[in-house]
Amino acid sequence: MTDFFIGMSVLQQAFWYSALLSSIIFLLQTILTFVGVESSDLDADFHHVDAPFEWFTFRNLINFLLGFGWTGVAFFGEMNDYFLVALATLVGLIFVAIFFIIIKQFLKLQEDNTFQMEKTIGKTAEVYLKIPAHKSGTGKIQVSINGSFHELNAVTEGEEILSGESVKIINTENKILIVEKI
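Criteria and thresholds
- Residues numbered from 1 in each chain as written.
- Predicted model: local features only at pLDDT ≥ 70, side-chain atom pairs only at ≥ 80, totals over all residues.
- Heavy atoms only, no water.
- Phe/Tyr/Trp six-rings, centres within 6.5 Å; stacked < 30°, edge-to-face > 60°.
- Buried < 20%, exposed > 50% of the residue type's maximum accessible area, 1.4 Å probe, protein only.
- Helix = DSSP H or I, 4+ residues; strand = E, 2+ residues; numbered from the N terminus.
- Pairing = 2+ DSSP bridges.
- Contact = heavy atoms within 4.5 Å.

What follows deals with the packing of aromatic side chains. Within this structure, the stated rule accounts for seven aromatic pairs. Here the aromatic rings of Phe-4 and Phe-5 are separated by 5.3 Å at their centres, their planes lie at 80°, and the arrangement is edge-to-face. We classify Phe-4 as partly exposed; its relative accessible area is 41%. Overall, Phe-5 belongs to the buried group, its relative accessible area being 6%. Plain terms: the ring middles of Trp-16 and Trp-70 are 5.8 Å apart, the flat faces sit at 75° to each other, and that makes the pair edge-to-face. Here Trp-16 is found in helix α2 (residues 10-35), whereas its partner Trp-70 is found in helix α3 (residues 58-75), with 54 residues between them in sequence. Here a set of aromatic residues connected by ring pairs shows up, and it is made of Phe-4, Phe-5, Trp-16, Tyr-17 and Trp-70.

Written out as structure tokens, the structure reads:
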């Protein structure tokens, strides 16, 4: 392998080392990601910020070096060395930006499907077990939230509501829904 680098300038060797080393690490990161090893298991961040995107992470360094190294390898000898380093730096920054865009698109796919009682307010539901009048006891209703049915305790401030009738959820109180007849 060292014979390959004989006769190359220091700059060309730097581009090759950067390209090869970052490619190997990028490949390992990709494999570990698909195998299921989370970044928290291999935390190699240089600076931690509670934000969706962190500028100074090991992964971003590898993305930068990947673009930088392969641009330098591809265009070495085609242009002035200073311009080549500037172009390689720009391409490295573009690689980091592309990574951010991809991550942003993945974050859009996240959805919080945890059930929250507050999400039921204003919804229409069907009485499952009759609801006694004037909060004198609880009944049960069935309501659909995010495509799944939930059977929840309910009270009414009005008259008794029989099974099968439709109600509107107007509030929550101590994990019990307050409903009114439609």
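This next bit is on the pairing of strand β3 (residues 148-156). Every other side chain in a regular strand lies on the same face of the sheet, so the side chains alternate between the two faces. Here seven bridges tie strand β2 (residues 139-145) to β3, and the two strands are oriented antiparallel to one another. Bridge pairing in β3 links Ser-144 to Phe-149. Relative to strand β5 (residues 176-181), β3 runs parallel, the two sharing three bridges. Across the sheet, residue Ala-154 finds its bridge partner in β5, namely Leu-177.

By the element assignment, Val-179 lies in strand β5. What makes Val-179 buried here is its relative accessible area of 1%. C-alpha of Val-179 to C-alpha of Ile-131: the two residues are 48 residues apart in sequence and 9.3 Å apart in space. Beyond its immediate sequence surroundings of up to four residues, Val-179 is in contact with Ile-131, Ile-141, Ala-154, Val-155, Thr-156, Glu-157, Ile-161, Val-167, Lys-168, Ile-169 and Ile-170.

This part covers unusual backbone geometry. Unusually for a residue other than glycine, His-134 sits at a positive phi of about 50°. You can see His-134 is positioned in the loop between β1 (124-129) and β2. One non-glycine residue, Lys-135, adopts positive backbone phi at about 55°. One can find Lys-135 in the loop between β1 and β2. Classification of Lys-135 by relative accessible area gives partly exposed; the value is 37%.

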